[in-house]
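Architecture at a glance
This is what each chain is made of:
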Amino acid sequence: MASQRRYLWDFFGRSAEPTAAHFEKHLAERLAADGMAGCVTGLTSAGDGHTAAYCDAPEAAWAHIEAELRPARREEVTGGKEVTGGEQVTGGKEVTGGEQVTGGEEVIVGEEVTGGNK
């Protein structure tokens with residue numbers, strides 16, 4: 001499996017889950033409209049009061065996602081092992097083309113995405 005990044009947009013509070021789910025729907029639509037093949041979207045939670053919408057993206061989509069969609073953070077992932085850090089992954093929607101990424105990933109590095117206007 002080629003190198004991928006997981007981009008995340010975090011939501012907090014009582015309405016974190018429905019807000020993240022709504023955002024993820026629009027994220028998938030935007031990725032499809034922008035022709036970002038191979039991207040997979042879904043939801044993950046680090047615990048009560050937190051839900052994040054995510055996009056697992058192939059290298060060809062990295063620059064576009066970072067510049068146009070301004071994620072809060074990103075993680076480098078490789079195939080073959082489970083995601084570390086106790087993340088619960090739900091959803092998992094393939095945006096366009098390519099194979100759907102479903103679990104079996106190892107998080108190598110998590111870092112905040114910098115640049116762009118905030």
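Here, the structure is the one placed above.
Below, the structure is looked at part by part.

Conventions we followed
- Residues numbered from 1 in each chain as written.
- Predicted model: local features only at pLDDT ≥ 70, side-chain atom pairs only at ≥ 80, totals over all residues.
- Heavy atoms only, no water.
- Core = buried A, V, L, I, M, F, W, Y, C linked by side-chain atoms within 4.5 Å.
- Buried < 20%, exposed > 50% of the residue type's maximum accessible area, 1.4 Å probe, protein only.
- Helix = DSSP H or I, 4+ residues; strand = E, 2+ residues; numbered from the N terminus.
- Contact = heavy atoms within 4.5 Å.
- Pairing = 2+ DSSP bridges.
- Arc of directions from axis to C-beta.
- Salt bridge = Lys/Arg side-chain N within 4 Å of Asp/Glu carboxyl O.

**Observations regarding the nonpolar core**
Membership of the largest hydrophobic core comes to 17 residues, with the highest contact counts inside it found for Trp-9, Leu-31, Cys-39, Cys-55, Ala-57 and Ile-65. When residues of this core are traced back to their parent elements, those giving at least two are β1 (4-12), α1 (16-33), β3 (50-58) and α2 (62-69). Counting residues per element, this core draws most heavily on α1, which supplies four residues. The residues contacting Cys-55, other than those within four sequence positions of it, are Arg-5, Arg-6, Tyr-7, Trp-9, Leu-27, Leu-31, Cys-39, Val-40, Thr-41 and Ile-65.

**Description of the environment of Thr-51**
For Thr-51, the position within the fold is in strand β3. Once residues within four sequence positions are removed from consideration, Thr-51 is found in contact with Trp-9, Asp-10, Phe-11, Ala-16, Glu-17, Ala-20, Leu-43, Thr-44 and Ser-45.

**With respect to the pairing of β3**
Looking down a regular strand, the side chains alternate between one sheet face and the other. With nine of nine residues buried, β3 lies mostly within the body of the structure. Residues of β3 alternate between two faces, with His-50, Ala-52, Tyr-54, Asp-56 and Pro-58 on one and Thr-51, Ala-53, Cys-55 and Ala-57 on the opposite face, all of them buried. Across nine bridges, the pairing between β1 and β3 is antiparallel. Looking at β3, one finds that Phe-12 is bridged to His-50. Of the pairings in the sheet, the one linking strand β2 (residues 40-47) to β3 comprises six bridges and is antiparallel in character. Note that in β3 the partner of Val-40 across the bridge is Asp-56. In this antiparallel pair of consecutive strands, β2 and β3, the connection spans two residues, and Gly-49 shows a positive phi of 80°.

**Details of α2**
One full turn of an α-helix is made of 3.6 residues, so residues set three or four places apart face in the same direction. Buried within α2 are the following residues: Trp-62, Ile-65 and Leu-69. Seen along its axis, α2 keeps its buried residues to an arc of 90°; they face one direction. The exposed set on the far side of α2, more than 90 degrees from its buried face, consists of Ala-63 and Ala-67. Looking one or two places after α2, you find Arg-70, whose phi comes out positive at around 40°.

**Topic: the pattern of salt bridges**
Pairs may arise between side chains of opposite charge once their charged atoms sit close together. This structure, assessed with the given rule, holds nine salt bridges. Put simply, Arg-5 and Glu-66 hold a salt bridge, and the shortest N to O gap is 2.8 Å. A residue pair is termed long-range when its members are at least 10 positions apart, and Arg-5 in strand β1 and Glu-66 in helix α2 qualify at 61 residues. Overall, the relative accessible area of 14% leaves Arg-5 in the buried class. For Glu-66, a relative accessible area of 23% corresponds to the partly exposed category.

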